[in-house]
Amino acid sequence: MDVADRAGVSKSTVSLVLQDDDRVKSETRVRVEEAITALDYVYNRKAAGLRTAKPDFVGVIVNDFGLSYPALVAAAIETSVFGAGLTPMLAGCSDNLSRQSQLVQTYREHNVGGVIMCPAPETESSWLEGLRRNGCPVVCVMREVAFSQAPVVVADNQKGMLQATQHLLSLGHRKIALLGGHPNTSDFHQRLSGYLGAMKGSGVSVPESWIIPMPQGRDAGQMAMARMKQIAPEVTAVVCFSDVLAYGVYRYCQEQGIVVGQDLAVVGFDDNPDSRLIWPPLTTVKVCAKELGDEAWKLMQRYLQGEDVAGERRVIDVNLVVRNSCGSGANPVSV
């Protein structure tokens, strides 16, 4: 057992006590000092000086740089890190748990001040807690991990998908499918909750065939549409997990002679810059990538300044941007 565990505080609090920092409450200081005495802990000031020196690097891991939105979030974090006089070490893990672990280990070997990451599917809270307890602050962005105390910044995914689905319902659609998303991530379940909430609120029962999880990407959008056409040809509208996936839906429709906005209504999620340029322009849920990145960096800065921000959660607001991809109402043409 280490001092932090015995005293019931974070490692950063122990560090502040050892440095005689007056920000620590007296009762907390007493608990830490008692734990130090009980464990016969010896404070190595030389080593501590190396650990507490201002870091030169901050690690950044997103799920996939090949996707527009994660790249925009990473760019926002990069700008903030550079602005603070540090150097970002950026990488994508391709939603691969092993690669994520390897990247974090490499970052730690280079003595990064901390890591801002979009956690890969199946990331365990115990792993994140282990990093924090061993002096590697982690801030999660875009996704969160159940039961983890890692601070996190996420979009209001449930609200966004609720608005997107309600928009289609207001146009008269009742046969609406949800395409895309990884079933082992928090953002998928939050968006699924919004979709189901809107459908239930309108008295529409949802067959299992209307929910088609799928990895991200344009190819995934094409595959999701092909699957939907096979198992749920009655669907007249789709809400997509991301704009990039919606681009794949557009491609499929073009190849099959389906007119988006007339034969099929399509809504995306993210509001990438390209979404206003494609034809017809894509109705989508806008999530400000810069705001996500800025808030994640603010939490990391507080960590680096010795604050205990464990368990803090920031939710970025979203709004529906209506363009032309849904037409003016439900169309009975089968897809």
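Before reading further, recall that the structure is shown in the block above.
Cut-offs and rules
- Residues numbered from 1 in each chain as written.
- Predicted model: local features only at pLDDT ≥ 70, side-chain atom pairs only at ≥ 80, totals over all residues.
- Heavy atoms only, no water.
- Phe/Tyr/Trp six-rings, centres within 6.5 Å; stacked < 30°, edge-to-face > 60°.
- Lys NZ or Arg CZ within 6 Å of the ring centre and 35° of its normal.
- Buried < 20%, exposed > 50% of the residue type's maximum accessible area, 1.4 Å probe, protein only.
- Helix = DSSP H or I, 4+ residues; strand = E, 2+ residues; numbered from the N terminus.
- Pairing = 2+ DSSP bridges.
- Right-handed = clockwise from strand over helix to strand, strands pointing away.
- Axes fitted to C-alpha atoms, helices over the stretch in contact; angles between N-to-C directions.
- Parallel < 35°, antiparallel > 145°, perpendicular 65-115°, else oblique.
- Left-handed = near helix turned anticlockwise from the far one by under 90°.
- Contact = heavy atoms within 4.5 Å.

> Can you help me understand the packing of aromatic side chains in this one?
Within a pair of aromatic rings, the relevant descriptors are the distance that separates the centres and the angle that separates the planes. Counted according to the given criterion, the structure contains zero aromatic pairs. Positioned above the aromatic ring of F241 is the side chain of R191, whose terminal nitrogen or guanidinium carbon lies 4.3 Å from the ring centre. Between the NZ or CZ atom of R191 and the centre of the ring of F269, over which it lies, the distance is 3.7 Å.

> Mind showing me how you'd approach the pairing of strand 1 (residues 57–62) here?
Along strand 1, five of the six residues are buried, which leaves the element largely enclosed by surrounding structure. Relative to strand 2 (residues 87–92), strand 1 is paired through six bridges, and the arrangement is parallel. When the bridges of strand 2 are listed, V60 appears paired with L90. The handedness of the strand 1 to strand 2 crossover, carried by helix 5 (residues 68–83), is right-handed. Note: strand 1 against strand 3 (residues 115–117), three bridges, orientation parallel. Within the sheet, the bridge partner assigned to G59 lies in strand 3 and is V115.

> I'm lost on the packing of helix 10 (residues 218–231) against helix 11 (residues 243–256) in this one. Help?
In a pair of packed helices, the angle between the axes and the distance between the axes together describe the arrangement. Packing of helix 10 against helix 11 leaves a shortest axis separation of 6 Å and a crossing angle of 55 degrees. When the axes of helix 10 and helix 11 are compared, the pair comes out oblique. Taken as a pair, helix 10 and helix 11 cross one another with a handedness that is right-handed. Contacts between helix 10 and helix 11 involve R218, A220, G221, Q222, M225, A226 and K229 from the former and V244, L245, Y247, G248, V249, R251, Y252, C253 and E255 from the latter.

> Before we go on, may I ask you to explain the sheet that holds strand 7 (residues 211–212) in this structure?
Overall, mixed pairing links the six strands, which are arranged 7-6-8-9-10-12 in an open sheet. Pairing within the sheet leaves two strands with one partner each, and these edge strands are strand 7 and strand 12 (319–321). Bridge analysis of strand 10 (residues 283–286) against strand 12 gives three bridges, and the strand direction is antiparallel. Paired with T284 across the two strands is V321, which belongs to strand 12.

Coordinates in, geometry out; function isn't part of it.
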